[in-house]
Amino acid sequence: MIESLLHRQIEKRPPTVKLHGRILFLTEDPELIKKQLAGWDMPWDTANPANNPKLRDDISTDEITPAHICFYFDETLGEFPYVGLKCGNELPIKRGDVKRGGFVACVSGKRRGKGSSREHSPYAELKAGIQLVIAENIERIYKQNCQNLGLLTSTDFSLIDKIRRGDEMPLAAFMEGEDEITRQVIEYGGLFQFNVARMQKKVSLPAIETKPRPMTLSEKIFARHMVNVDGTIGVTAVKPGDTGFARTDLRFSHEYVTPMAAIFYDHYVGKDVPVNDASTIKVFRDHLTFLDDVMSEEKRKMGLLDLATQLKYKQQDFAREKGIQLHGELKDRKGSEGICHSVMLETYALPGQVNVGSDSHTPHVGAMGCVAFGIGTTDVFNAWFTKDIRVRVPESVKVIVRGKRKPNVTAKDFILKVLALDYVRSGKALAKVIEYAGEAIEALSVDERATMTNMAAEIGGFTGIVAPDEKVVEFLVERRGLDRGEARKLMEGIYSDPGAEYSQVIELNADEIYPMVATPGDPGNGKYIRDLNTPVPVEIAYGGTCTAGKNEDMDMYAAVLADALKQGKRVADSVKFYIQFGSQETREYCLRRGYLDIFQKAGAQVIEPSCGACINAGPGVSTRPDQIVISAQNRNFPGRSGPGQMYLASPLTVAASAVAGFIVEYQPAHEAALV
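Residues numbered from 1 in each chain as written. Predicted model: local features only at pLDDT ≥ 70, side-chain atom pairs only at ≥ 80, totals over all residues. Heavy atoms only, no water.

Moving on: helix α8 (residues 180-187). Regarding α8, the residues found buried are Ile181, Thr182, Gln184, Val185 and Ile186. Where α8 is buried, its residues meet α6 (140-149), β5 (152-154), α9 (191-199), β7 (243-247) and β13 (388-392). The residue sitting at the N-terminus of α8 and contributing the capping side-chain oxygen is Asp179; that oxygen lies 3.0 Å from the backbone nitrogen of Ile181. Among the residues trailing α8, Gly189 stands out with phi positive, at a value near 80°. (Buried < 20%, exposed > 50% of the residue type's maximum accessible area, 1.4 Å probe, protein only. Helix = DSSP H or I, 4+ residues; strand = E, 2+ residues; numbered from the N terminus. Contact = heavy atoms within 4.5 Å. Polar contact = N/O pair within 3.5 Å; in protein donor to acceptor, adjacent residues only side chain to side chain.)

As structure tokens, then:
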């Protein structure tokens, strides 16, 4: 208990809201946006929606605040909301436009705030004057970040008329459909204020009184971690919709988020106040290690490289002051110890845990059989002193992949198939746990399962998870040195009960799935390679990131390139092929297996660990709009990895395409000989 917070003055917001200002409609037509920025108030017919211009759907946080904007971690962010928003082929919003425009509300279409968990996005909107976000539906992490900051959200388009009339709106209008804790967070104007009120016993936490019932894998883990009103941990059972705080086992953040969270912590909690249980907090320097290799001269002149360097120093200082372990840069060469998700899986996460991290791909470690999910900056700094995290127990979707996969099909092809399903593309899986099962999933290694759980983020799911089994035992014994009996004991009871309830069960047959790509613009644009109408030449092939920089991914790159060398082939002259390790452990694995020699002989360029190209911050990014990239990373949102046209694919497909010079299915040499 932090004594100073017990005497902090905390008040609720007024019971009504009245917004004074303009409304910005983010339309597909860039000219309509430019007119609004110039002072025109766009008409909107709430009674007849079909009469209105088409709103932009699928606005990612990459578009609200592109990666380089996140080098700022203070109120300067208010100059930049929506500067990455692509409408047609234009970026109609420039620095300062929104702030100058006097906008208090912003309206868009479906799936607002998808992608990265960066809280910079709603913080930029808030500091630009936006007080309310309206959209058809809103992604979980983005919405929670808005609530944590005090930015109001709604899916009720009738509010547009009320704002324009100057009506007072009840604060309760922004709480409809929310759980009791979220309503109180909104009432107090943010998560920190609520948590102080919680410490002062001014708020009521609902007791979880769910009776014993068959539970899913994730529900069982949540039940073990929920905080009771008396402070004890664990309840008999939970069901979807139960709300409370879950005690975390591990918390981590990286240099994009730690500095902003540290500023919040020092300001709100106190610079000299220690964090709660520093041994269970990890911080990483993994995102921007290679930034200076690819940053343009224009951005350097803006001072962005210096800003990015300040992120590193701020994180280092905070970790040292608070006694937190930092996985940082290498001392003898350029690169990092490892990407946070890779290191968390290889070194820390255990079956049955609850882990949280400052990144939407935190579900990566769900392959270990733990509940892991991304959180924003405010959640991060609050968890540093509370050690718990606000949770509404999600519904679960079960994805069963039956049968046996083809030799050239991987977990990446499975997840691209899932992402292309109408159920997912329509947003029905948003904020749900994605539980993977079936013979084809059970046959996957822990590394490959991590590809599936990692990309629950692209589904918009709460998390992804696979029930732990003997594959997990082997992983813990071989790669962690755990005792086999101890490893098995960790998994006791970590499975879904017969009769557990799912909001949807999706069944796929592995033998009907072929190598896939996601065409440029969205990971949900999945197509079988054999259905591409014309050959697609590529200039850049990239294999790496948390999703595709694991040991087994390296096995795949090596297998394809070894096949090519046997046939007298190597990487095509027209292609630059980059292979980037996810961690130093994976680099050492490649050294032991002789892969570095194969990569070099085949003409691939090897890179030390970092997030790199995936966030437009390392070798492998595109530099021209007409440049075609094939990448094993997890996202291909517009502008995320440069201005080019990015196709997502498996490590096998990426390597085979690098050799061929165009997108192609990999055919193992012995099978090709048979054909």
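So that's the structure; there's more coming.
The 4 strands lie next to each other as β2-β3-β4-β5, forming an open sheet whose pairing is parallel. Edge strands, defined here as strands with exactly one partner in the open sheet, are β2 (22-25) and β5. For this sheet, the mean angle separating the axes of adjacent strands, direction not counted, is 20°. The pairing of strand β4 (residues 132-134) with β5 spans 3 bridges and is classified as parallel. (Pairing = 2+ DSSP bridges. Axes fitted to C-alpha atoms, helices over the stretch in contact; angles between N-to-C directions.)

On to the nonpolar core, then. Grouped burial of nonpolar side chains is what soluble globular proteins tend to show. Membership of the largest hydrophobic core comes to 81 residues, with the highest contact counts inside it found for Phe222 and Phe373. Residues within four places of Phe222 in sequence aside, it is in contact with Val238, Ala246, Val371, Phe373, Val391, Val393, Pro394 and Phe462. (Core = buried A, V, L, I, M, F, W, Y, C linked by side-chain atoms within 4.5 Å.)

A few words now on the environment of Ala50. Residue placement: Ala50 occurs in the loop between α2 (30-37) and α3 (61-64). Given a relative accessible area of 76%, Ala50 falls into the exposed group. C-alpha of Ala50 to C-alpha of Gln580: the two residues are 530 residues apart in sequence and 48 Å apart in space.

Moving on, we get to the side chain of Thr545. Summarising the element assignment, Thr545 is placed in helix α24 (residues 545-548). Assessed through its relative accessible area of 2%, Thr545 is described here as buried. Excluding residues that lie within four positions of it along the chain, Thr545 makes contacts with Ile339, Gln580, Cys611, Cys614 and Gln633.

Further remarks concern the packing of aromatic side chains. According to the stated counting rule, one finds 23 aromatic pairs in the structure shown. An angle of 75° between the planes, with centres 6.1 Å apart, marks the rings of Tyr265 and Phe318 as edge-to-face. Here Tyr265, found in helix α11 (residues 258-270), pairs with Phe318, found in helix α14 (residues 304-322); they are 53 residues apart in sequence, far enough to count as distant. Like Phe318, Tyr265 is buried. Seen in terms of ring centroids, Tyr268 and Phe381 are 5.8 Å apart; in terms of plane orientation they differ by 15°. Their pairing is stacked. Of this pair, Tyr268 sits in helix α11 while Phe381 sits in helix α16 (residues 377-386); the two residues are 113 residues apart in sequence, bridging distant segments of the chain. (Phe/Tyr/Trp six-rings, centres within 6.5 Å; stacked < 30°, edge-to-face > 60°.)

Turning our attention to the pattern of salt bridges. As enumerated under the stated definition, the model contains 53 salt bridges in all. For Lys114, the salt bridge is made with Asp58, and the minimal N-O distance between the two is 3.3 Å. Of the two residues, Lys114 sits in the loop between β3 (103-107) and α5 (120-127) while Asp58 sits in the loop between α2 and α3, which places them 56 residues apart along the sequence. Taking relative accessible area as the criterion, Lys114 reaches 2% and is therefore assigned buried. (Salt bridge = Lys/Arg side-chain N within 4 Å of Asp/Glu carboxyl O.)

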